[in-house]
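Survey of secondary and tertiary structure
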Amino acid sequence: MTTLSNDARAALDRSHKRFERAWERFSQARPFARAGHLPPLLDASMSLLQQPGGVQRLYPHAIEFDALGVFAGSDWSEPAALRPELVSGTFAGKAPIIAVELLSELRILAIAEGLLDHPGMDATQARGFLETLLALNLARLFPRHDEADRTRPAQQTRAITLTLQFIVEHIGYASVLDAVVQEAESMLAQRPILVQTICHMIAELGRSEPESRAKPLFDALFRPSAATADDPGVARYQAHLSAMTGEEIEAEAHTFARHLSTTGLASAYHAVLIRHLRGVAPTLLPIALALSSTGRDAMLSYQELVLRLIDEAVYPETAQAVYGLHALLERGALYFPPVPRGLWRQIVHPIRKEVQIKLREVYGPAKPPRVWLLSGLIQVLGQPLGIGQGDNPTCQSARALSLWAQSDPGYLLQLLLWATRDGAIVMSFEGEAISSKHLDAALAGDLHTELDPISLILVPHLDRIYGEMWRRVADRGADGHRWINPEFHGWWVQRGFAICVDIFSGAVIDFDAFIRRFHANYHPYYNGNQPVIFPQPAGIASTTPHGEFVGWHAITIQRVGLGPSGEMRVYFNNPNNEGRQDWGGGVVTSVTGQGEIPGESSLSFDQFCSRLYLFHYDPLEQGEPDAVDAQVLAEIAHAAATSWAAGRAFN
Amino acid sequence: MSKVELTVKGKKQDFDRSKGFIALLGWSLNAIEAADRFDRRYVVVAPHWAEEFCRENEIPFIPWDFERLNERSFEIAQLLQDLGVDVCIPLYEETVEWAGAINSVLLDQPRLFGQALLFRDKSLMKRRAQLGGIRVGIFEEAHDKGDVIRFLRRVNQTLLKLEGDPNDPIHMKAFDKAGCLGHRVIRTPDDVDNVPDHEFPALLESHLDGWEFAVEAWIHNGKIRFLNISEYVTLGYSVFVPATPELEQYRDQIRGEIEKLIKTFDIDFGFIHPEYFVTKDNVMYFGEVAYRPPGFKVFELLERAYGFNAYQGMILAFDPKSTEEEIEAFFPREVVDAKGHAGCFGVYPRRRVVNELQIPKETEEHDYFEFHELQPPLEQKVTKRNAFGTHWGLVYFFGDDAHRMRDLLKAQEELDFYV
């Protein structure tokens, strides 16, 4: 049970009171007059359901919905006629319809729990309905974010999620087990920095069905080794460790390392083990951190720094920093000369007050702010492809952080220092300095804080500067990314700029040449077999599973290469936390099994082209644009024209 | 006499035979519901399209199309009299003269018909008020655009305006429409060009600079039984009850004005809804009066604030069989018995193109916010408002402090509900 902040409780009470009044007006009205009281009731329901704890307060009324005619005259009046497959479509609709759907689900839950007898549906049927419903709507149960969701009012999404979570807690996770496990596994395959949602899923699963397919994941988190088989708690595990022989400890280290490399998850016990080894047997650290010879070498080269990082940042509360440290060492990030120096500086540098307050506000008082910040930094530098934008429309800033962590980590460390020391960062735009200090909040006005600590601190600054750059190019009569991308990200963003959409009319222009150019610069068969040197920002027209246009979305092209089945693929990073996307028309991004490095998404080169609308290239590299097959181009053009470009003028 | 089908069968009405049998003229679900929950026998007289709904819900019903009064009006009066109906209550402006005609038969008081005609014609109404010694602004009837221009010029000459000074506006209203319907503000002769010919004849009034408010008064045996003052925050946008102490301080003076009105219009029973201006020097000007429930859901607000049902109050006030004790017991004490202030705000889209309904955070999270009746937009393009237009739905508030309520309602005008 989560405890609510005072604000959240006040909001809950307010919504609850409003709902009860609406309910009173509705339920006490003469039956013939109820229809008029229904819209305010639905509105109040939606507002209550979106508050944490709200579903619980509304649920007692669910047994009365049918009798009082909440569903009278609507498609929901006969539960037996309802189809769980259709619910996801309803969830994509307008608020009042979503409200009716959610109330209907709660009514069915009341039937399943035996609280309500319904002539058209018995408890078993009700349960079956809800199980199917949950399995088909896992994405809403454990929200991962995609662009279509972000542009829908967030409150509706929240009401749906909270209601589904309430239902699953009542009927048990067992019912949706397989589907959830698969979901958790494929999320983990992308090695995200933020794993709270996944851990939450695994914990719920493991608790309800200890001996299931969820076992490996549950074990990795809660009973990873022989000495933790009974989930003894951190304090008792520490005591166990102190009593162990050298051999036993080494065995523990191996076991933990295996979990770490197979799942990407570090349990709180793992952090305890690492801290213990750092004190008594540092030579076992490479084993416990699951290091290969590369990582081992990095660790030996920078041993003092690594030990200090463990002291400063690896705690049970920040256990994922163990994976971050593993990744940092494995990718050799410490060999960028500014990185070890920057880390030393960050360790000792004081953090300004308001940054401390922010960190404490978001991550809590369990550890001092500097611990959250440093553990986040280790993860960002170790897992550049695991950075996500959270529930914020700031894909540009998230992508920039990922790009710097990959290509220019020294610069990232500098930005962080400015932000945590000065409370402002300064970037140069066409020779003029822009400071984030006096700029208004842009997209991230109301930043959703489910973010890693580095994003939490930097994104508000980055977003402001990015917004200011847009302001400065607003009247140039062409798409501003042309000038902003290289200035914002770094010199290594190529100055050649291709866009296939007229920003004023929305028309698609010269698509054929656009795609030929992309082939000539990125496709190894047409560019003289050149790899992507620095990951490059690019723009995608994101679409729904039905191929309808959602919006422009920033991604990074990581590399282009042959997939395991021999076809050319584009490997890219999607900063929206969730690489698995169904963009309609068979364009489904893959995150594992097609040669992806964890955190990468991939599509076949042609499919990628069908959603691409903007990229950068080196204008001096000509490549062979004319060699691209006309038939291939026609197919790509068709796929674009029938999805995101539908309804646009198309040349 | 042609046959009129009567759907009063089937329903077991829980009513007290010592009390009156009332007929509701016009279709209002809230009024019907109030009657259904009350202790008197009732019947709804409304157009044919309501028949099926009434049959399904066992609502006693007589179909009747309220067009202009004609020779058949006596027919419906006769029919109601045969049924044993004691009195009928108009729910809409359009049924006021019908109620007058029918009640003059039911109660055998022929003057009621003439009285109803006064309520239905804003021009006659003003003259009558003036004859009764009630202060009204300058007014005139207009039959064409020329009349309007002449009136505008004359009013401004009277105000000693010089050539080139900005005009004081004048108001143009339909004779027989409720509230803001067909209400235009005219400042220049150019404004007159925009008035379509079919809006004539109309009533012209000078503009009164002052505080406009409305009153709701329930009258029985010639006496005021409950008097409410509704405070407009901005005319056409928002109203709340009870009013602020600043307006309530005029209560005695207002009561005096209403008593004058009762005498002048010879009102013995029923419900009136007049509008007044009070100018800076505390002079009360009569605007107009209606003999029917106000628009803008003031009845609902009163129920929220005081807990009594204003429609039931109307039934009591109209019913000749109501007793003094019953009326005494029904109405609360004015102002002091209110549990708080209830207000509502009429939303107009502020943008020319809208995509969706989105309750502003400031509204949604305010303690006083209760609920709204807004619908998602059906069309993206917002038609330009002419005259005062109609709002897209109401947002309701309730809270203890009159000033907070007033400021809150005012603040809504700056928010976008449709984006």
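Here the structure is a predicted model, which is why all the values come from computation and not from measurement.

Conventions and cut-offs
- Residues numbered from 1 in each chain as written.
- Chains lettered and ligands numbered in written order.
- Predicted model: local features only at pLDDT ≥ 70, side-chain atom pairs only at ≥ 80, totals over all residues.
- Heavy atoms only, no water.
- Helix = DSSP H or I, 4+ residues; strand = E, 2+ residues; numbered from the N terminus.
- Rg over C-alpha atoms; globule rule 2.2 N^0.38 Å.
- Buried < 20%, exposed > 50% of the residue type's maximum accessible area, 1.4 Å probe, protein only.
- Contact = heavy atoms within 4.5 Å.
- Areas by Shrake-Rupley, 256 points an atom, 1.4 Å probe, with all protein chains shown as cover.
- Lys, Arg positive; Asp, Glu negative; His and termini not counted.
- Charge placed at Lys NZ, Arg CZ, Asp CG, Glu CD.
- Salt bridge = Lys/Arg side-chain N within 4 Å of Asp/Glu carboxyl O.
- Pairing = 2+ DSSP bridges.
- Domains from an automatic or database assignment.
- Buried area = accessible area lost by both parts, 1.4 Å probe.
- Axes fitted to C-alpha atoms, helices over the stretch in contact; angles between N-to-C directions.

All right, on to the overall build of chain B then. Looking only at helices and strands, chain B has 15 helices and 16 strands in total. The C-alpha radius of gyration of chain B comes to 22 Å, within 12% of the 22 Å expected for a compact globule of 419 residues. Counting only C-alpha atoms and orienting by the principal axes, one finds that chain B spans roughly 65 × 50 × 45 Å. Looking at chain B residue by residue over its 419 residues, the buried ones come to 57%. Pairs at least 24 residues apart make up 68% of the contacts formed inside chain B by residues separated by at least 6 positions. By element, 49% of the accessible surface of chain B is carried by carbon and sulfur atoms, the whole surface being about 18900 Å². Of the charged side chains in chain B, 51 are positive and 72 negative; the average position of the first set lies 1 Å away from that of the second.

All names here are of chain B. What the rule picks out here adds up to 55 salt bridges over all chains. E326 is the partner of R40 in a salt bridge, and the nearest nitrogen-oxygen pair spans 2.8 Å. Highlighted residues: R40 in the loop between α1 (29-36) and β2 (41-46) and E326 in helix α13 (residues 324-330), separated in sequence by 286 residues. You'll find R40 and E326 in the same group, each marked buried. One salt bridge connects E140 with R154, and the closest N-O pair in it is separated by 3.5 Å. A residue pair is termed long-range when its members are at least 10 positions apart, and E140 in strand β5 (residues 139-142) and R154 in helix α7 (residues 145-158) qualify at 14 residues. Classification of E140 as partly exposed rests on a relative accessible area of 27%. Take R154: its relative accessible area is 44%, and that puts it in the partly exposed class. One network of salt bridges, in which partners are shared, links K19, D39, R40, D319 and E326.

Every regular strand shows the same layout, with side chains that alternate between the two sheet faces. Residue and element names in this part refer to chain B. Counted residue by residue, strand β1 (residues 21-25) has five buried out of five residues, so it is predominantly covered. Here β1 shows two buried faces, one formed by F21, A23 and L25 and the other by I22 and L24. Sheet topology places β1 next to β2; five bridges connect them, and they run parallel. Of the residues in β2, the one forming a bridge with L25 is V45.

Turning to the domain arrangement of chain A, a few remarks are in order. Size of an interface: often given as the accessible area lost when the parts come together. Residue and element names in this part refer to chain A. In terms of domains, chain A is made up of domain 1 (6-171), domain 2 (181-216) and domain 3 (496-641). Between the C-alpha centres of domain 2 and domain 3 the distance comes to 32 Å. Opposite the six residues of domain 2 that make contact, domain 3 presents seven residues. Between domain 2 and domain 3, a total of about 550 Å² is buried, with carbon and sulfur atoms accounting for 47% of that surface.

Across a sheet, paired strands are connected by hydrogen bonds in the backbone, their directions being either parallel or antiparallel. All names here are of chain B. Here we have eight strands laid out as an open sheet, ordered β13-β12-β9-β10-β11-β14-β16-β15, and antiparallel in their pairing. The sheet terminates laterally at β13 (284-290) and β15 (369-372), the two strands that pair on one side only. Along the sheet, successive strands turn relative to each other by an average axial angle of 25°, direction set aside. Here seven bridges tie strand β9 (residues 211-220) to strand β12 (residues 270-278), and the two strands are oriented antiparallel to one another. Each residue of the ladder has a partner; that of A217, found in β12, is I272.

Residue and element names in this part refer to chain B. Per the domain assignment, the segments of chain B are domain 1 (21-118), domain 2 (139-206), domain 3 (210-338) and domain 4 (342-412). Relative placement of domain 1 and domain 3: their C-alpha centres are 23 Å apart. Residue-level contacts link 24 residues of domain 1 with 24 residues of domain 3. Carbon and sulfur atoms make up 63% of the surface buried where domain 1 meets domain 3, a total of about 2000 Å² over both sides. There are five salt bridges connecting domain 1 and domain 3. Mapped onto the side of domain 1 that touches domain 3, the elements with two or more residues apiece are α1, β4 (87-90) and α5 (111-120).

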